[in-house]
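For reference, the chains in residue letters:
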Amino acid sequence: GAAAEGAHLAVLFLHCAGYSAMCGHAVIALGRFALDYGLVPAPTRPETAVRLRCPCGPVTAFVPWDGHRSGNPVRFHSVPAFAAATDLAIDVPGHGKVVVDIGYGGTFYAFLSAEQLGLDMCSSKTRDLVSAASAVTEAVKKQFKLHHPESEDLAFLYGTILTDGKDAFSEEPTTNICVFADEQVDRSPTGSGVTARVALQYHKGLIQLDQTRTFRSSTTGSLFTGKAETKFGNYSAVIVEVSGEAFYTGTATFTVEEEDPLKHGFFFK
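Residue positions are given per chain, counted from 1 along the sequence in the order it is written. Selection of residues for local features in this predicted model requires a pLDDT of at least 70, selection of side-chain atom pairs for listing and counting requires 80 or more, and totals for whole chains, interfaces and linings are taken over all residues. Only heavy atoms go into the side-chain values, all of them from the structure, while hydrogens and water stay out.

**Things to note about the overall build of the chain**
In step 1: A run of DSSP states H or I qualifies as a helix once it reaches four residues; a run of E qualifies as a strand once it reaches two. Both are numbered from the N-terminal end. Counting secondary structure elements, the chain contains 3 helices and 15 strands.
In step 2: Here the globule rule reads 2.2 Å times residues to the power 0.38, and the radius of gyration is calculated from C-alpha atoms. Relative to a compact globule of 269 residues, whose C-alpha radius of gyration would be 18 Å, the chain shows 19 Å and is just as compact.
In step 3: Contacts: residue pairs with any heavy atoms within 4.5 Å of one another. Considering only contacts within the chain whose residues lie at least 6 apart along the sequence, 58% involve residues at least 24 apart.
In step 4: Surface exposure here means Shrake-Rupley accessible area, sampled with a 1.4 Å probe, where a residue is shielded only by the protein chains that are shown. About 13600 Å² of surface is accessible on the chain, with carbon and sulfur atoms providing 53% of the total.

Following this line, the structure appears as structure tokens:
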């Protein structure tokens, strides 16, 4: 199916609670993998486009290539990103009223400053940030109906991203933490989250096209950059370019034996 749509490969993103529609860091890693493992015929120097078919739609990674192996940083263009709601008042049990923005960057996230929840991005315990973000996710799911212009399958809230509140353009990095799926914490600034956050900042007039912003993960300190490249279509969407690094940590081979009674896996709850 991938080749039929002009893609080099089709991909599914797995996490603890099932599948994600988009994962920016995986796109960066897959771009490198596709070149290093010969999945792209005749890669070109200094950079090769790797076209991926993701659940959210077509995504293109641009991967440095020196003629022998891939390099960093990798940049990618995702599906059109947009603001789904801004300044939405949500009642969060245990925290009272908060104001959130909801953005789409291949999947939907709620965004708010940690400060609104009485927390601090740098000094609060990760456990407290995770609990508060999860409470926001649950509250938004109950109080706001999401809509996606092309696919109702994508109209679900994937998680909540707590920020340091520094949304206006600055040369300084802005820090955030992404809590998704079943209380999973992202080790990176979150590619789809950066995409959505840039779209929100552009929508609010806080950044202009082609202004590059740096985003930092509060958990590991790793950095991505993001910028709104071009406007797209009728619904004030933008194509966002995200750039970051991915490194090999190992390879694995998975085998399914027909007679294995648990070959399809199992869940612990």
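**Considerations on the pairing of strand β9 (residues 108-113)**
In step 1: For the exposure calls, accessible area comes from a 1.4 Å probe over protein chains only, and a residue counts as buried if that area is under 20% of its type's maximum, exposed if over 50%, partly exposed in between. Among the 6 residues in β9, 6 count as buried, and that is most of the element.
In step 2: The alternating pattern of β9 places F108, A110 and L112 on one face and Y109, F111 and S113 on the opposite face, and all of these are buried.
In step 3: By definition, two strands form a pair when at least two bridges between them are found by DSSP. Relative to β9, strand β8 (residues 96-104) is paired through 4 bridges, and the arrangement is antiparallel. The residue bridging G103 from the neighbouring strand is Y109, located in β9.
In step 4: As paired elements, β9 and strand β10 (residues 157-163) share 6 bridges and run parallel to each other. Residue F111 lies in a different strand from β10, and its bridge partner there is I161.
In step 5: On the question of chirality, the crossover connecting β9 to the parallel β10 by way of helix α2 (residues 126-143) is right-handed. For a crossover, the right-handed case is the one in which the path from the first strand over the helix to the second runs clockwise, viewed with the strands pointing away from the viewer.

**Things to note about the pairing of strand β6 (residues 74-77)**
In step 1: When strand β5 (residues 57-64) meets β6, the two strands line up antiparallel, connected through 3 bridges. The partner of F62 across the bridge, within β6, is R75.
In step 2: By the bridge criterion, 4 bridges tie β6 to strand β15 (residues 237-244) in an arrangement that is antiparallel. Paired with V74 across the bridge in β15 is G244.

**Side note on the domain arrangement of the chain**
In step 1: Domain annotation of the chain identifies domain 1 (9-78) and domain 2 (80-240).
In step 2: Of note, the centres of domain 1 and domain 2, computed from C-alpha atoms alone, are 23 Å apart.
In step 3: With 14 residues of domain 1 in contact, the opposing surface of domain 2 contributes 19 residues.
In step 4: Here the quantity called buried area is the accessible surface, traced with a 1.4 Å probe, that two parts lose on coming together, added over both. With both chains or domains summed, domain 1 and domain 2 bury close to 1200 Å², and 64% of this area falls on carbon and sulfur atoms. Domain segmentation is taken from an automatic or database assignment of domains.

**Points about the pattern of salt bridges**
In step 1: Each reported salt bridge corresponds to a side-chain nitrogen of Lys or Arg within 4 Å of a carboxyl oxygen of Asp or Glu. For the structure shown, the criterion picks out 9 salt bridges.
In step 2: Among the ionic pairs, E241 bridges to R75, the shortest N-O distance being 2.7 Å. Taken together, the residues span a long stretch of sequence, with E241 in strand β15 and R75 in strand β6 at a distance of 166 residues.
In step 3: The partly exposed category is assigned to R75, whose relative accessible area is 24%.
In step 4: A salt bridge links K227 to D210; the shortest N-O distance between them is 3.9 Å. Residue K227 is located in strand β14 (residues 223-232), and its partner D210 is located in the loop between α3 (191-203) and β13 (213-217); the two are separated by 17 residues in the primary sequence.
In step 5: In this structure K227 comes out as buried when scored by relative accessible area, which is 18%.

**Considering the side chain of D101**
In step 1: Along the chain, D101 turns up in strand β8.
In step 2: On the basis of relative accessibility, which here comes to 9%, the residue D101 falls in the buried class.
In step 3: Here the side chain of D101 touches D87 through a polar contact of 2.8 Å, landing on its backbone nitrogen. Definition of a polar contact: a pair of N or O atoms within 3.5 Å, with one able to donate and the other able to accept a hydrogen when the atoms are protein atoms, and with sequence-neighbouring residues admitted only if both atoms are side-chain atoms.

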